[in-house]
Amino acid sequence: MKLTTEQMEKVENLLSQMTLDEKIGQTNLESPSIVGGFDVSFEELIEMVNDGRVSQDEFKKIMSTASRDYHEDDIRAGLVGGMMGDDPVKANELQKIAVEESRLGIPLIMGYDVIHGLRTVYPIAIAEAGTFDPELFERTAQVAAKESRASGIEWNFAPMIDVARDARWGRVSEGPGEDPYLASCFAKAKIRGLQNDQSSTENYVAACLKHYVAYGACESGRDYNTTSMSVSQLHNVYLPPFKAAVEEGAASAMASFNDLNGVPCTLNPYTLRDTLKERYKMNGFVVSDANGIVECVTHGIAEDAKDAGIQSMNAGLDMDMGTHIYKEYLKEAIETGKVSMEVLDDAVRRILMVKMWLGLFENPYVSEKNIEKYKTLPEEHVAVSLEAAKKSIVLLKNEGQVLPLNRKQKISLVGTLAANRDEVCGAWAMGWKSEDCVSIWEGLKNSGADVAYYLCGGPEDEINEDEIVKACIEGDVVVAVIGELVNMTGEASSKANIEMPGKQRQMMESLLEKTKAAGKSLVTVLMNGRPLGLGWEDAHLPVIVEAWHLGVQMGNAVAAVLFGDENPSAKLASSFPSMNGQCPIYYNHPSTGRPGSKSKFTSRYLDAPFEALYPFGYGLSYTTFIYGEMQVEETADTYDIRVGLKNDGERDGTEIVQLYMQDVTASLVRPVKELKGFVRVDLKAGEEKKVTISLAKADMGFYDNQGTYVLEDGLFRLYIGGNSRDCQCREVRASFK
Ligand code: BGC
């Protein structure tokens with residue numbers, strides 16, 4: 001985030017005029033409180049929802065009838081720094097109070113969760129990451145930024161860039177997968193897209209990197225759980241996307257809920273002050289996650305709310321989301337010297353800088369014209385979402401080349417997920433309207449398919465055998481859509497069983513038997529937000545398409561792939577296990593002394609494969625790519641890895657060529673493979689190209705347990721291939737002197 005000297009002077013000038021209360025006000029992030037409609041406090045109500053005394057449905061009813069307190073008096077008094085919400089009319093109203101009625105006229109910053117699109121929702125991050133397409137990551141983020149600004153949101157709680165390797169964690173859906181390099185490319189592109197070039201306030205928002213940090217390493221994949229790891233692991237795996245995003249100019253970050261090696265990230269001076277602010281030089285601010293500060297009391301690291309607030313502010317947490325602890329206790333903490341004015345000034349300065357950089361002092365309001373702009377989704381936004389959706393679909397298996405289908409085939413479509421528009425957007429999608437979403441059934445109809453839908457079963461439904469029989473008799477091909485409901489992933493949606501939910505496996509067994517008997521083909525399309533344990537499916541089902549939760553255009557994208565209008569090109573950003581007990585499973589694990597093999601005393605299971613079912617980087621195409629012989633050329637600063645690539649089939653296609661590295665002898669045990677580069681290569685049918693990926697020697701190092709980046713001479717293996725498992729290898733002896 002770059003500010004001009006003039007902007008910095010304005011910030012300093014404002015800061016010098018602020019009272020202590022006004023300074024503390026800037027650190028307070030409010031959300032509209034719910035008032036009336038029930039007898040208990042809102043906090044108690046949430047507690048009741050959490051422990052099941054109030055059902056989700058009852059809660060929704062209460063919320064829709066309750067009125068809201070927007071804290072207008074506090075805004076007027078300069079006691080609010082930011083507000084959460086997505087209503088531009090309300091945002092203008094509140095902003096007007098802040099700008100015109102508060103003493104110094106400091107605008108509010110309006111924040112909201114826009115993780116994968118607001119109105120024009122695009123694929124969940126774990127799916128989009130599989131496109132390996134930074135230019136696309138940037139364009140989808142641009143769509144999100146524009147729609148956010150028009151909704152009065154200047155601050156997106158995105159990108160979510162937690163490296164995650166345990167599919168049991170429901171939040172794997174929100175992030176770019178298991179690999180730090182891919183996650184870093186994703187993070188940088190998202191910052192470019194969200195924060196843009198700042199040429200017009202209609203085009204950019206402040207990004208908020210989350211969840212800082214290591215939240216994805218929560219033990220046993222259980223949300224909010226503890227994390228512990230070496231310094232080396234933290235710097236090599238979990239920090240890189242954050243570092244990359246800060247280098248790209250990210251304006252803010254959100255501290256994660258988890259403790260890291262015993263210190264909650266909300267009040268962790270090592271991660272916040274030392275690493276993010278001093279080492280990476282992030283000049284923007286850090287906000288807590290919702291209720292994060294008070295949870296430090298429950299963590300058992302702070303005596304009470306006041307203590308938690310003091311520790312958090314001193315550690316470098318600049319803004320309080322939702323607890324009012326800074327508002328309540330910071331004044332006393334400053335007066336008693338528990339927090340210095342310098343620390344508070346640093347926090348306030350950062351918040352003012354972001355507001356200044358956002359142009360909020362000059363342009364605090366959403367214009368009438370802009371409010372109207374995205375009421376109906378603009379064609380160009382829908383086109384980007386469709387492109388992202390098509391490019392995110394991974395072909396996992398295509399036995400007998402059943403796919404692509406042709407339009408003359410009569411399709412029997414089964415599975416309740418196929419017919420439900422409200423299931424396409426995925427977790428943490430907030431601003432979509434049902435009428436803008438395209439279900440798979442609708443997508444097939446839109447594309448001219450001869451398709452009939454049969455109500456045979458779904459993630460939470462009973463199986464209807466009569467309908468299964470009908471579907472198998474009446475269609476030439478049965479397309480079964482199975483997987484997870486949206487609410488099975490996302491926050492607070494960890495699962496111990498990540499195999500196919502409900503009775504869907506039984507439904508598939510029945511479909512398999514009856515399609516076989518009738519001589520019909522069976523195609524399986526998966527809709528899900530996490531890697532699923534697909535051992536049974538892979539062993540039995542001939543054709544499997546991973547379609548994730550793809551956003552508003554899901555149905556059209558799936559139809560395009562099923563009919564071959566789009567040749568699938570995506571690869572998995574996360575390894576898929578065969579079964580639950582393999583979690584966590586990831587390709588870039590440290591080398592063991594006894595690598596898993598057929599023999600017993602090796603790193604393996606007695607009752608499960610030790611390898612992933614579908615590895616990171618895996619995905620098929622309707623054409624075949626043939627790799628030539630890998631060549632490595634050394635220059636002063638790089639290794640240039642070259643390979644010939646031929647499209648050996650009859651369809652145009654895109655291959656994602658991946659470069660991996662292994663540091664074979666190092667002072668710390670290193671991963672068996674690490675992604676170091678990739679390139680999307682478009683090849684016409686029969687076409688051949690030379691592909692070169694350069695590996696900078698400077699990038700061949702790693703962080704040691706002091707957090708120092710080291711480059712160690714020695715033997716390295718370089719791998720190139722179409723996924724993390726099937727690669728060619730060359731060894732090089734590198735010297736970095
Ligand atoms: C989530 C964050 C989110 C915040 C605000 C929290 O529960 O962990 O990802 O940004 O709520 O909605």
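Residues numbered from 1 in each chain as written. Predicted model: local features only at pLDDT ≥ 70, side-chain atom pairs only at ≥ 80, totals over all residues. Heavy atoms only, no water.

Chemist: Can you help me understand the overall build of the protein in this one?
Modeler: Scanning the protein for helices and strands turns up 23 helices and 28 strands. Taken over C-alpha atoms, the radius of gyration comes to 26 Å for the protein, in line with the 27 Å a tight globule of 737 residues would show. The principal-axis extent of the C-alpha atoms belonging to the protein is close to 80 × 65 × 50 Å. Within the protein, the proportion of its 737 residues that are buried is 60%. Within the protein, residue pairs in contact and separated by at least 24 positions form 77% of the contacts whose partners lie at least 6 positions apart. Carbon and sulfur atoms make up 48% of the accessible area of the protein, which totals about 27,800 Å². (Helix = DSSP H or I, 4+ residues; strand = E, 2+ residues; numbered from the N terminus. Rg over C-alpha atoms; globule rule 2.2 N^0.38 Å. Buried < 20%, exposed > 50% of the residue type's maximum accessible area, 1.4 Å probe, protein only. Contact = heavy atoms within 4.5 Å. Areas by Shrake-Rupley, 256 points an atom, 1.4 Å probe, with all protein chains shown as cover.)

Chemist: For this particular structure, what's the right way to read the side chain of Thr271?
Modeler: Its place among the elements puts Thr271 in helix H12 (residues 270–279). Not counting residues up to four positions away in its chain, the partners in contact with Thr271 are Tyr212, Val213, Leu260, Cys265 and Leu276.

Chemist: Explanation requested: the packing of helix H14 (residues 305–315) against helix H15 (residues 325–335) in the structure shown.
Modeler: Helix packing for two helices is described by the angle between their axes and how far apart those axes are. Their axes nearest at 9 Å, the elements H14 and H15 cross at an angle of 80°. For the element pair H14 / H15, the angle class is roughly perpendicular. Contacts between H14 and H15 involve Ala305, Lys306, Gly309, Ile310, Ser312 and Met313 on the former and, on the latter, Ile325, Tyr326, Tyr329, Leu330, Glu332 and Ala333. (Axes fitted to C-alpha atoms, helices over the stretch in contact; angles between N-to-C directions. Parallel < 35°, antiparallel > 145°, perpendicular 65-115°, else oblique.)

Chemist: Honestly, the nonpolar core in this entry has me stumped. Any pointers?
Modeler: Nonpolar side chains in soluble globular proteins tend to end up buried together. Ranked by size, the top nonpolar core spans 105 residues in total, and within it Trp155, Leu209, Val213 and Val287 carry the most contacts. Among the elements that make up this core, the one with the highest residue count is helix H16 (residues 341–357) (10 residues). Composition of this core by domain shows at least three residues from each of domain 1 (5–32 + 70–372) and domain 4 (625–734). Counting 80 residues, the second-largest nonpolar core is a separate cluster that includes Met160, Ala389, Ile440 and Val479. (Core = buried A, V, L, I, M, F, W, Y, C linked by side-chain atoms within 4.5 Å. Domains from an automatic or database assignment.)

Chemist: Any chance you could explain the sheet that holds strand S8 (residues 252–255) here in plain terms?
Modeler: Paired through their backbone hydrogen bonds, the strands of a sheet run either parallel or antiparallel. Across the sheet, which stays open at both edges, the eight strands sit in the order S11-S8-S7-S6-S5-S4-S1-S12 with parallel pairing between neighbours. Among the strands making up the open sheet, the edge pair consists of strand S11 (285–287) and strand S12 (320–321). The sheet contact formed by strand S5 (residues 109–112) and strand S6 (residues 155–156) spans two bridges and is parallel. Following the sheet pairing, Gly111 is matched in S6 by Trp155. (Pairing = 2+ DSSP bridges.)

Chemist: Sorry, what's going on with the environment of Met1 here?
Modeler: By secondary structure assignment, the location of Met1 is in the segment before helix H1 (5–17). Taking the C-alpha atoms as reference points, Met1 and Glu247, separated by 246 residues in sequence, lie 9.3 Å from one another. Residue contacts for Met1: discarding those within four places in its chain leaves Gly249, Ala251, Asn283, Gly284, Met353, Val354 and Trp357.

Chemist: What is the right way to read the pattern of salt bridges from this model?
Modeler: If you walk through the whole model with that rule in mind, you get 50 salt bridges. For Glu372, the salt bridge goes to Lys375, with nearest N and O atoms at 3.5 Å. You can call Glu372 partly exposed: its relative accessible area is 48%. Overall, the relative accessible area of 48% leaves Lys375 in the partly exposed class. Of the charged contacts in the structure, one is a salt bridge between Arg505 and Glu499, with a shortest N-O distance of 3.1 Å. Assessed through its relative accessible area of 19%, Arg505 is described here as buried. In this structure Glu499 comes out as buried when scored by relative accessible area, which is 18%. A single salt-bridge network, built from bridges that share partners, covers Asp133, Glu135, Arg139, Glu387, Lys391 and Arg680. (Salt bridge = Lys/Arg side-chain N within 4 Å of Asp/Glu carboxyl O.)

Chemist: Is there a simple way to explain the packing of helix H20 (residues 465–474) against helix H21 (residues 504–518) in this structure?
Modeler: Two numbers describe how H20 lies on H21: the axes approach to 9 Å, and their chain directions differ by 35°. In this structure, H20 crosses over H21, and the sense of that crossing is right-handed. Contact residues: H20 offers Glu465, Ile468, Val469 and Cys472, while H21 offers Met507, Ser510, Leu511, Lys514, Thr515 and Ala518. The class makeup of the residues in the contact of H20 with H21 is six nonpolar, two polar and two charged. (Left-handed = near helix turned anticlockwise from the far one by under 90°. Nonpolar A, V, L, I, M, F, W, Y, C, P; charged D, E, K, R; others polar.)

Chemist: Explain helix H3 (residues 42–50) here, please?
Modeler: Two residues of an α-helix separated by three or four positions point the same way, owing to the 3.6 residues in each turn. Buried residues of H3: Leu45, Met48 and Val49, and no others. Considered in projection along H3, the buried side chains sweep an arc of 100° and stay on one side of the axis. Residues of H3 that are exposed and point over 90 degrees away from its buried face: Glu43 and Asn50. If you follow the buried residues of H3, they end up packed against helix H4 (56–65). (Arc of directions from axis to C-beta.)

Chemist: For this particular structure, what's the right way to read the pairing of strand S22 (residues 653–663)?
Modeler: In terms of residue burial, S22 counts as a mostly covered element, since 11 of its 11 residues are buried. Of the two faces of S22, both are covered, the one formed by Gly653, Glu655, Val657, Leu659, Met661 and Asp663 as well as the one formed by Thr654, Ile656, Gln658, Tyr660 and Gln662. With nine bridges joining them, S22 and strand S23 (residues 674–683) adopt antiparallel strand pairing. By the bridge assignment for S23, Gln658 is matched with Phe678. Relative to strand S27 (residues 714–721), S22 runs antiparallel, the two being bridged by six bridges.

Chemist: Even after reading the chapter, I still don't get the environment of Ser694, so can you show me in this structure?
Modeler: Here Ser694 is to be found in strand S24 (residues 688–696). Sequence separation between Ser694 and Thr638 is 56 residues; the distance between their C-alpha atoms is 6.3 Å. When residues no more than four places from it in sequence are discounted, the contact partners of Ser694 are Tyr639 and Asp640. Polar side-chain contacts of Ser694 include one of 2.5 Å to the side chain of Asp640. (Polar contact = N/O pair within 3.5 Å; in protein donor to acceptor, adjacent residues only side chain to side chain.)

Chemist: Please clarify how the sheet that holds S22 should be interpreted in this entry.
Modeler: Overall, antiparallel pairing links the four strands, which are arranged S23-S22-S27-S28 in an open sheet. Strand pairing shows two members of the sheet lacking a second neighbour, S23 and strand S28 (727–734), which therefore form its edges. On average, each strand axis in the sheet is inclined to that of its neighbour by 20°, with strand direction left out of account. By the bridge criterion, eight bridges tie S27 to S28 in an arrangement that is antiparallel. In the strand pairing of S28, Phe716 is matched with Val732.

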